[in-house]
Amino acid sequence: MPASFRWSERRVARLSTLIVAGAVVILDVVLLFVYFRTVAPMLQDLPLYRYMIPTGILAVLLFALRRFLTQLRLFRQDQ
């Protein structure tokens, strides 16, 4: 039988981290769409920036997604 759910200071901290990391993930996806629809065509003459900007956005996205999934797992385990 699973243990009953109870709020603790640690769980509240994990929930706030989940909210922030989730918001970063969502906004990074939006930023990628905006970049590819509007900014990428303007950077035709600057090929280095054309690859550096989406690489940076993807790096932040992967970091936030990893943080979100880790915090979600720990939130559910109450560790």
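Reading the values: the criteria
- Residues numbered from 1 in each chain as written.
- Predicted model: local features only at pLDDT ≥ 70, side-chain atom pairs only at ≥ 80, totals over all residues.
- Heavy atoms only, no water.
- Helix = DSSP H or I, 4+ residues; strand = E, 2+ residues; numbered from the N terminus.
- Buried < 20%, exposed > 50% of the residue type's maximum accessible area, 1.4 Å probe, protein only.
- Contact = heavy atoms within 4.5 Å.
- Areas by Shrake-Rupley, 256 points an atom, 1.4 Å probe, with all protein chains shown as cover.
- Lys, Arg positive; Asp, Glu negative; His and termini not counted.
- Charge placed at Lys NZ, Arg CZ, Asp CG, Glu CD.
- Phe/Tyr/Trp six-rings, centres within 6.5 Å; stacked < 30°, edge-to-face > 60°.
- UniProt positions renumbered as here; feature names shortened; annotations may be inferred.

## Details of the overall build of the protein chain
Now for step 1: In terms of helices and strands, the protein chain carries two helices and zero strands.
Now for step 2: C-alpha atoms of the protein chain, sized along the principal axes, occupy 60 × 20 × 15 Å.
Now for step 3: Counting the 79 residues in the protein chain, one finds 24% classified as buried.
Now for step 4: Residue pairs in contact within the protein chain that sit at least 24 positions apart in sequence constitute 69% of those at least 6 positions apart.
Now for step 5: Accessible area of the protein chain: about 6300 Å², with a carbon and sulfur share of 69%.
Now for step 6: The distance from the centre of the 10 positive side-chain charges to the centre of the 4 negative ones in the protein chain is 9 Å.

## Details of the packing of aromatic side chains
Now for step 1: For the structure shown, the criterion picks out two aromatic pairs.
Now for step 2: Between Trp7 and Phe75, the aromatic rings sit 6.0 Å apart at their centres with planes inclined by 55°, giving tilted as the arrangement. Here Trp7, found in the segment before α1 (9-39), pairs with Phe75, found in helix α2 (residues 47-77); they are 68 residues apart in sequence, far enough to count as distant.
Now for step 3: The class of Phe75 is buried, set by a relative accessible area of 13%.

## Focus: the UniProt feature "transmembrane region" (unreviewed entry) in the protein chain
Now for step 1: As annotated in UniProt, the feature "transmembrane region" (unreviewed entry) corresponds to residues 12-36 and 48-69 in the numbering used here.
Now for step 2: Span residues 12-36 is 100% helix and 0% strand, its end C-alpha atoms 36 Å apart.
Now for step 3: In residues 48-69, the share of helix is 100% and the share of strand is 0%. The end C-alpha atoms are 32 Å apart.

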